[in-house]
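# Report on the structure
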Amino acid sequence: EIVVDKADQIYTHCYCEENIYKLVEKLSCYKDQNLDIYVVFISNDAKMIPIWGHKKDNSVCIWDYHVISVVQNKSDKKTVVFDFDVNDLKFPCDFNAYVTLCFKPEVSLKKEFQRFNF
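Each value, and the rule that gives it
Residues numbered from 1 in each chain as written. Predicted model: local features only at pLDDT ≥ 70, side-chain atom pairs only at ≥ 80, totals over all residues. Heavy atoms only, no water. Core = buried A, V, L, I, M, F, W, Y, C linked by side-chain atoms within 4.5 Å. Buried < 20%, exposed > 50% of the residue type's maximum accessible area, 1.4 Å probe, protein only. Helix = DSSP H or I, 4+ residues; strand = E, 2+ residues; numbered from the N terminus. Contact = heavy atoms within 4.5 Å. 1 Å grid on protein atoms, 1.4 Å probe; cavity = no way out; pocket = protein on both sides within 12 Å on 5 of 7 lines; lining within 4 Å. Points joined across faces, edges and corners; volume = space filled by probe spheres on them. Nonpolar A, V, L, I, M, F, W, Y, C, P; charged D, E, K, R; others polar. Pairing = 2+ DSSP bridges. Axes fitted to C-alpha atoms, helices over the stretch in contact; angles between N-to-C directions. Salt bridge = Lys/Arg side-chain N within 4 Å of Asp/Glu carboxyl O. Polar contact = N/O pair within 3.5 Å; in protein donor to acceptor, adjacent residues only side chain to side chain. Expected span 1.5 Å × (residues − 1). Arc of directions from axis to C-beta.

We now examine the nonpolar core. Proteins that are soluble and globular tend to have nonpolar side chains buried together. The biggest cluster of nonpolar side chains holds 15 residues, and the ones touching the most others in it are Ile51, Ile68, Val81, Tyr98, Cys102 and Phe103. At the level of elements, strand 2 (49–51), strand 3 (61–63), strand 4 (66–73) and helix 2 (95–103) are the ones that each hand at least two residues to this core. Looking at this core element by element, the count peaks at 5 residues for helix 2. Residues in contact with Ile51, not counting those within four places in the same chain, are Ser59, Val60, Cys61, Trp63, His66, Cys102 and Phe103. The next biggest cluster of nonpolar side chains, apart from the first, holds 14 residues, and it includes Leu23, Leu27, Tyr30 and Leu35.

Right, dumping it as structure tokens:
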């Protein structure tokens, strides 16, 4: 299991790519624990990605892009997400809980907000 205290991480508001870069540097100490560690860049052609859970009231926030880290345990396939900007989930949080809260796959989006692979 990955144990990371969010409060102990380097964080700068609105610099998700740098925050995740520094986090992944620290996660490298887990490389012998049968984990796949990914950095995920989220955007679309219009550079308008709706993500919920990044505001205190969990309303939608439109980002031009966002960067997270996804870590999967190769043994049990448990997958977690590290996102410094999400409010109401643990750090890291379960992948399915993250997708449900932040991307709301059940919501129909206008074309300019649509994502790939959902």
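We are not done yet, so read on.
Attention now moves to the layout of surface pockets. Approximately 360 Å³ is the volume attributed to the largest pocket. Counting residues per element, the ones that place at least two in the lining of the largest pocket are strand 4 and strand 6 (93–94). The element best represented in the lining of the largest pocket is strand 4, accounting for 3 residues. Residues of the lining of the largest pocket, tallied by class, amount to 8 nonpolar, 3 polar and 5 charged.

Moving on, we get to the sheet that holds strand 6. Spatially, the 4 strands line up as an open sheet ordered 1-4-5-6, and their pairing is antiparallel. On the outer flanks of this sheet lie strand 1 (35–42) and strand 6, each paired with one strand and no other. As judged from the 8 bridges shared by strand 1 and strand 4, these two strands associate in the antiparallel manner. Following the sheet pairing, Tyr38 is matched in strand 4 by Val70. Its contacts with the sheet place helix 1 (residues 16–27) against strand 1, strand 4 and strand 5 (79–82), and it is angled at close to 25° to strand 4.

Further remarks concern the pattern of salt bridges. Tallied over the full model, the rule gives 2 salt bridges. Here Glu25 makes a salt bridge to Lys22, at a shortest N to O gap of 3.0 Å. Here Lys22 and Glu25 lie together in helix 1, a separation of 3 residues that amounts to about one turn.

The next thing to look at is helix 2. For helix 2, the full list of buried residues reads Tyr98, Val99, Leu101, Cys102 and Phe103. On its buried side, helix 2 packs onto strand 1, strand 2, strand 4, strand 5 and strand 6. You can read the cap of helix 2 off the contacts: a side-chain oxygen lies 3.1 Å from the backbone nitrogen of Asn96, and it is on Asp94. Phi turns positive, to about 40°, at Lys104, one or two residues after helix 2.

Here we come to helix 1. Residues spaced three or four apart along an α-helix point in a common direction, a consequence of the helix completing one turn every 3.6 residues. Here helix 1 contains 12 residues, and its C-alpha end-to-end distance of 16 Å stays within 8% of the 16 Å for a straight helix at 1.5 Å per residue. Every buried residue belonging to helix 1 is among Cys16, Asn19, Ile20, Leu23 and Leu27, and all of these are buried. Down the axis, helix 1 shows its buried residues gathered within 90° of arc, on one side only. Taken together, the buried residues of helix 1 touch strand 1, strand 4 and strand 5.

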